[in-house]
Amino acid sequence: MKWIVGLGNPGTAYQGTRHNVGFMVVDMLAKRWGISVTQSKCKGLIGEGNVGGTKVALIKPMTYMNLSGETVRGFMDYFKADLEDAIIVYDDLDTETGKIRLRYQGSAGGHNGIKSIIQHTGTQTFNRIRLGISRPTNGMRISDYVLSNFPKSEGELVKAMVEESCDAAEYALTNIFERTMAKYNR
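Residues numbered from 1 in each chain as written. Predicted model: local features only at pLDDT ≥ 70, side-chain atom pairs only at ≥ 80, totals over all residues. Heavy atoms only, no water.

A. Region of the structure containing helix H1 (residues 21-33). The end-to-end C-alpha separation of H1 is 18 Å, in line with the 18 Å expected for 13 residues at 1.5 Å each. For H1, the set of buried residues is Val 21, Gly 22, Phe 23, Val 25, Val 26, Leu 29, Ala 30 and Trp 33. In the segment just after H1, Gly 34 is the residue with positive phi, at about 65 degrees. (Helix = DSSP H or I, 4+ residues; strand = E, 2+ residues; numbered from the N terminus. Expected span 1.5 Å × (residues − 1). Buried < 20%, exposed > 50% of the residue type's maximum accessible area, 1.4 Å probe, protein only.)

Set out below in structure tokens:
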């Protein structure tokens, strides 16, 4: 089974924020694949389905960002899932808004959701799709910035970035992650 975890914060207050682009990707994949992500399990919302013969789970942790690892660990333990079959999707300050970067290992880079996953899995080696949100240029505190909405002027850019991330996740269902990286890291 392949499983895709979109990182974000639960609740309508966080819905369109930069920190919730991971949730946006899972929501778009759910719509694309006809999977309902409503099953409450492992401190998250889970939806299971079949995509082109591949069993897939979509996951949205409901723990708030900095405890995302609890959901990942819980899912691994409950479903006997392998971390190498996972893709973690999240926002990245060091990537320009509208761009995506795929990696299979690395540090948390200051991202508390990733820090939590590393803590709960004991490894920095797992597949990731990082969606660019750029850094604030106006001196805004990082915590305020990631919890703010994208400006309307970036709407089309963000929509295209989420679409491309979905395409990459779908491609990764039937291709090794290195090949997916080669195709989507331009």
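Past the structure itself, the notes keep going.
B. Representation of the pattern of salt bridges. Throughout the structure, instances matching the rule amount to 11 salt bridges. Among the salt bridges present, the one from Asp 167 reaches Arg 32, with a minimum N-O distance of 2.8 Å. Separated by 135 residues along the polypeptide, Asp 167 in helix H5 (residues 155-172) and Arg 32 in helix H1 bring together distant segments of the chain. With a closest N to O distance of 3.3 Å, Arg 130 and Asp 92 form a salt bridge. (Salt bridge = Lys/Arg side-chain N within 4 Å of Asp/Glu carboxyl O.)

C. A look at helix H6 (residues 177-184). Among the residues making up H6, those that are buried are Phe 177, Thr 180, Met 181 and Tyr 184. Along the axis of H6, the buried residues cluster in a sector spanning 100 degrees; they form a single face. (Arc of directions from axis to C-beta.)

D. Geometry of the sheet that holds strand E4 (residues 54-61). Across the sheet, seven strands lie side by side as E2-E3-E4-E1-E5-E7-E6; this open sheet has mixed pairing. Strand pairing shows two members of the sheet lacking a second neighbour, strand E2 (39-41) and strand E6 (100-105), which therefore form its edges. Sheet twist, expressed as the average angle between the axes of neighbouring strands with direction ignored, equals 25 degrees. Both strand E3 (residues 44-51) and E4 contribute to a ladder of eight bridges, which runs antiparallel. Across the sheet, the residue bridging to Gly 44 is Pro 61, located in E4. Here helix H2 (residues 68-79) sits on the sheet in contact with strand E1 (2-6), E2, E3, E4 and strand E5 (86-92), set at roughly 145 degrees to E4. Along the sheet face, H5 touches E1, E5, E6 and strand E7 (125-132) and points at about 160 degrees away from the line of E7. (Pairing = 2+ DSSP bridges. Axes fitted to C-alpha atoms, helices over the stretch in contact; angles between N-to-C directions. Contact = heavy atoms within 4.5 Å.)

Read these as spatial facts, not as claims about activity.
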